[in-house]
Amino acid sequence: MRKIFVRFIRLVWIPILAVLFGALAGAGIYEVTYLCTNGVMYQGQSKIYIDFAPSAGEDTYHQYYNGYTWNDLMSTDPILDKTMENLSKAGVDVAREEVAASTEAKILSDVRLLTIYITNRNETVCGQIQKATEQALEMYGGERDVFTAIYTIKSEEPSRLMADYRIRQAILLGAVCAGLVAIFGLLGYLLLDDRLFVPSDLLGTIDAAFLGLEVPGQAVPGPFERDLQANIEQFCGGGYAEVSVEDLMCENTTPVDYAKLRDASCVLVRACFGKTSLRSLQYVLQQLSLQGCHKVGVVLAEADEKWVRHYYRWRLTK
């Protein structure tokens, strides 16, 4: 787990980069989708006062003409026909379906106060539909015995509608999704990656002696170099033949001189830190065993000094 943690910290730039990319992707996708589906929208608002005629069924009329009823009535012939007629008189050519889709009616509190919302992509058309709808409702109120009158008490000119523009949420969603995918993807990669980094990757997994860790480039030999040299002298005695996993596993036409390796008192196999996989090393060791090389030691070579220091919390002595 510590190996995975150290490797994750050294690769933490990947999730960070993924978060930035996800934020940009989220913003870009949302902006394109918004412009293609919604685009710039304008909305005009009208306040309509409904004066019900006094009668025995006044309460019934109040209950009948509620918000749902008015919203349905706006797209029916008695009102929509008048709206289309008013638009035609004003010289406005708008499809009937577009007018109905642009119109919404709500009663927010008092049944006598009707709020009309006209929403359209064209600011001019939005205003024209709004005026025609106000006139249509006033005409409708004059034709019905239920009402004394219907008249407009407030008319707000169309303004740009930005309520549904949620670019911040899109950026956050893109960043979070990309970050989570990158983190779990990186953790999965680190868990499945069997490249050799620390002695614990070898202990109990190979049928050979692990002799130590080679950390090159140090001005003063560290504990790993000292232990490695002592282990080689103790294990190999007078001499040894040295081979590299990468040399044995590469594609070339030069055959391996197993006879020379068998004649050596000891075979030293070098596995490259962070490059050699455990599977490759196990295959090489199996081949050496089949060829009669029974005294084999393994060295984890060319280790990254900074990585080793982070893993072991090893510091130079001042």
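Rules used throughout
- Residues numbered from 1 in each chain as written.
- Predicted model: local features only at pLDDT ≥ 70, side-chain atom pairs only at ≥ 80, totals over all residues.
- Heavy atoms only, no water.
- Salt bridge = Lys/Arg side-chain N within 4 Å of Asp/Glu carboxyl O.
- Helix = DSSP H or I, 4+ residues; strand = E, 2+ residues; numbered from the N terminus.
- Buried < 20%, exposed > 50% of the residue type's maximum accessible area, 1.4 Å probe, protein only.
- Contact = heavy atoms within 4.5 Å.
- Patch = residues over 30% accessible without salt bridge, like charges linked within 9 Å, V, L, I, M, F, W, Y side chains within 5 Å.
- Areas by Shrake-Rupley, 256 points an atom, 1.4 Å probe, with all protein chains shown as cover.
- Pairing = 2+ DSSP bridges.
- Axes fitted to C-alpha atoms, helices over the stretch in contact; angles between N-to-C directions.
- Parallel < 35°, antiparallel > 145°, perpendicular 65-115°, else oblique.
- Left-handed = near helix turned anticlockwise from the far one by under 90°.
- Nonpolar A, V, L, I, M, F, W, Y, C, P; charged D, E, K, R; others polar.

Thoughts on the pattern of salt bridges
Consideration 1: If you walk through the whole model with that rule in mind, you get 14 salt bridges.
Consideration 2: The partner of aspartate 77 in a salt bridge is arginine 96, with the nearest N and O atoms 2.7 Å apart. Pair noted here: aspartate 77 is in helix H5 (residues 77–89) and arginine 96 is in helix H6 (residues 96–102), with a separation of 19 residues, a long-range link.
Consideration 3: On the basis of relative accessibility, which here comes to 47%, the residue aspartate 77 falls in the partly exposed class.
Consideration 4: The shortest N-O distance in the salt bridge between glutamate 305 and arginine 309 comes to 2.5 Å.

Side note on unusual backbone geometry
The phi angle of most residues is negative, glycine excepted, and most peptide bonds adopt the trans form.
Consideration 1: Phi at glutamate 302 is positive, roughly 55 degrees, even though this residue is not glycine.
Consideration 2: A relative accessible area of 45% places glutamate 302 in the partly exposed class.

What about the side chain of lysine 3?
Consideration 1: Note on placement: lysine 3 falls in helix H1 (residues 2–10).
Consideration 2: What makes lysine 3 buried here is its relative accessible area of 15%.
Consideration 3: Non-local contacts of lysine 3, meaning those with residues more than four positions away in its chain, are made with Arg195, Phe197, Val198, Asp201, Trp307 and Tyr311.

Quick look at a nonpolar patch on the surface
Consideration 1: Nonpolar side chains collect at one region of the surface, where Val12, Trp13, Ile14, Ile16, Leu17 and Leu20 lie side by side and expose about 550 Å² of accessible area between them.
Consideration 2: With respect to the helices and strands, the residue tryptophan 13 is situated in helix H2 (residues 13–37).

Digging into the sheet that holds strand E4 (residues 147–161)
Consideration 1: Pairing is antiparallel across the open sheet formed by 4 strands, whose spatial order is E2-E3-E1-E4. Looking along the sheet, the strands with just one partner apiece sit at the ends: strand E2 (103–106) and E4. Across the sheet, the mean angle separating the axes of adjacent strands is 20 degrees when strand polarity is ignored.
Consideration 2: In this sheet, strand E3 (residues 113–120) lies alongside E2 in antiparallel orientation, the contact comprising 4 bridges. Looking at the pairing, alanine 105 lines up with isoleucine 116 of E3.
Consideration 3: Helix H7 (residues 123–143) rests against strand E1 (41–52), E2, E3 and E4 of the sheet, and its axis sits at about 170 degrees to E4.

What to know about the packing of H1 against helix H8 (residues 167–192)
Helices that pack against each other are described as a pair by the angle of their axes relative to one another and the distance between those axes.
Consideration 1: Interhelical geometry of H1 versus H8 gives an angle of 130 degrees and a closest axis separation of 10 Å. Relative to H8, the element H1 is oriented oblique. With respect to the hand of their crossing, H1 and H8 are arranged in right-handed fashion. The residues of H8 that touch H1, namely those facing Ile4, Arg7 and Phe8, are Ile183, Leu186, Leu187, Tyr189, Leu190 and Leu191.
Consideration 2: For the contact of H1 with H8, the per-class residue count stands at 8 nonpolar, no polar and 1 charged.

Remarks on the environment of aspartate 304
Consideration 1: On the secondary structure map, aspartate 304 appears in the loop between strand E8 (296–301) and helix H13 (305–312).
Consideration 2: Residue aspartate 304 is classed as partly exposed on the basis of its relative accessible area, which comes to 30%.
Consideration 3: Separated by 107 residues in sequence, aspartate 304 and phenylalanine 197 have C-alpha atoms that sit 9.2 Å apart.
Consideration 4: With residues up to four places along the chain from it excluded, the contact list for aspartate 304 reads Arg10 and Phe273.

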